[in-house]
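Structure assessment
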Amino acid sequence: MTTLPIIEYPNDILTSPTKKIREVTTELTGLIDQMVATMRAVDGLGLAAPQVGHTIRLTVIEYRPDKGENKRAAIPLLVLINPKIISRSSEEEIGEEGCLSLPGIELDVARSLRIKVRAETTTGEQIQFRATGLLARIIQHEVDHLDGKLIIDYAPRRAALIKQYLAPRDK
Ligand code: ZN
């Protein structure tokens, strides 16, 4: 399985509006397979379509703990089409987050502790579920990507410094 190059900040694709997915085509399932392979290859916990150049509402999420890590924290592969957070707890938790599109950056981000999510599956079913803790955090991070929002947007005072740090990087 080929992996896809991950788009890094700054790039307009990361802040572009994304389109709702109308139909699960073979092209789409092919993209999903490549996104899963890419996420696994770089040990990511989630990957949103804009990060691989597709401005559509799609994300893949998975957490496979290494040996010795807490196996109970494992998150089985989730493919979410048109995910929507339909409610979120006012209770928040601050946690450190990184992003595959912002290599080397880790920031404290406050996220709702509990959320309720609606999405579609690859077989066209509508699903609705509750998520807490790490999964809730990852889903909020990925849905932010679909809305053109990055973790640096949560740290406006530090964002200027971070942008300065990232700007001279030649690719
Ligand atoms: Zn990210």
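Remember, predicted model here, so these are calculated numbers, not experimental data.

Examining the overall build of the protein chain
When you go through the protein chain residue by residue, the secondary structure sums to three helices and seven strands. If you list the helices and strands of the protein chain from N to C, you get α-β-β-β-β-β-β-β-α-α. Against the 2.2 N^0.38 benchmark of 16 Å for 171 residues, the protein chain shows a C-alpha radius of gyration of 16 Å, consistent with a compact globule. Principal-axis analysis of the C-alpha atoms places the extent of the protein chain at approximately 45 × 35 × 35 Å. Taking all 171 residues of the protein chain together, 44% fall into the buried category. A separation of at least 24 residues holds for 63% of the contacts in the protein chain among residues at least 6 apart in sequence. Surface exposure of the protein chain reaches about 9,900 Å², of which carbon and sulfur atoms provide 48%.

A few points about the side chain of Thr18
On the secondary structure map, Thr18 appears in the segment before helix H1 (26-41). Exposure remark for Thr18: the relative accessible area of 13% places this residue in the buried category. Polar contacts involving the side chain of Thr18 include one to the side chain of Arg57, which spans 2.8 Å. Of the polar contacts made by the side chain of Thr18, one reaches the backbone oxygen of Leu146; its length is 2.7 Å.

What to know about H1
In this model H1 runs 22 Å from its N-terminal to its C-terminal C-alpha over 16 residues, within 8% of the 22 Å that 1.5 Å per residue would give. Of all the residues in H1, the buried ones are Leu28, Leu31, Ile32, Met35, Val36, Ala37, Thr38 and Met39. Where H1 is buried, its residues contact strand S1 (46-48), strand S2 (58-63) and strand S3 (75-88). Looking one or two residues past H1, Asp43 carries a phi angle of roughly 60°, positive in sign.

Observations regarding the pattern of salt bridges
Per the counting criterion, the structure on display carries seven salt bridges. Arg114 is the salt-bridge partner of Glu91, the closest N and O atoms lying 3.3 Å from each other. Of this pair, Glu91 sits in the loop between S3 and strand S4 (92-97) while Arg114 sits in strand S6 (residues 114-120), and the two are 23 residues apart along the sequence. The class of Arg114 is partly exposed, set by a relative accessible area of 39%.

A few points about the pairing of strand S7 (residues 126-132)
Of the pairings in the sheet, the one linking S6 to S7 comprises seven bridges and is antiparallel in character. Looking across to S7, one finds that Ile115 is bridged to Ala131. Taken together, S6 and the strand that follows it, S7, pair antiparallel across an intervening segment of five residues, in which Gly124 is found at a positive phi of about 85°.

Procedures and definitions
Residues numbered from 1 in each chain as written. Predicted model: local features only at pLDDT ≥ 70, side-chain atom pairs only at ≥ 80, totals over all residues. Heavy atoms only, no water. Helix = DSSP H or I, 4+ residues; strand = E, 2+ residues; numbered from the N terminus. Rg over C-alpha atoms; globule rule 2.2 N^0.38 Å. Buried < 20%, exposed > 50% of the residue type's maximum accessible area, 1.4 Å probe, protein only. Contact = heavy atoms within 4.5 Å. Areas by Shrake-Rupley, 256 points an atom, 1.4 Å probe, with all protein chains shown as cover. Polar contact = N/O pair within 3.5 Å; in protein donor to acceptor, adjacent residues only side chain to side chain. Expected span 1.5 Å × (residues − 1). Salt bridge = Lys/Arg side-chain N within 4 Å of Asp/Glu carboxyl O. Pairing = 2+ DSSP bridges.

These values are about where atoms sit, not about what they do.
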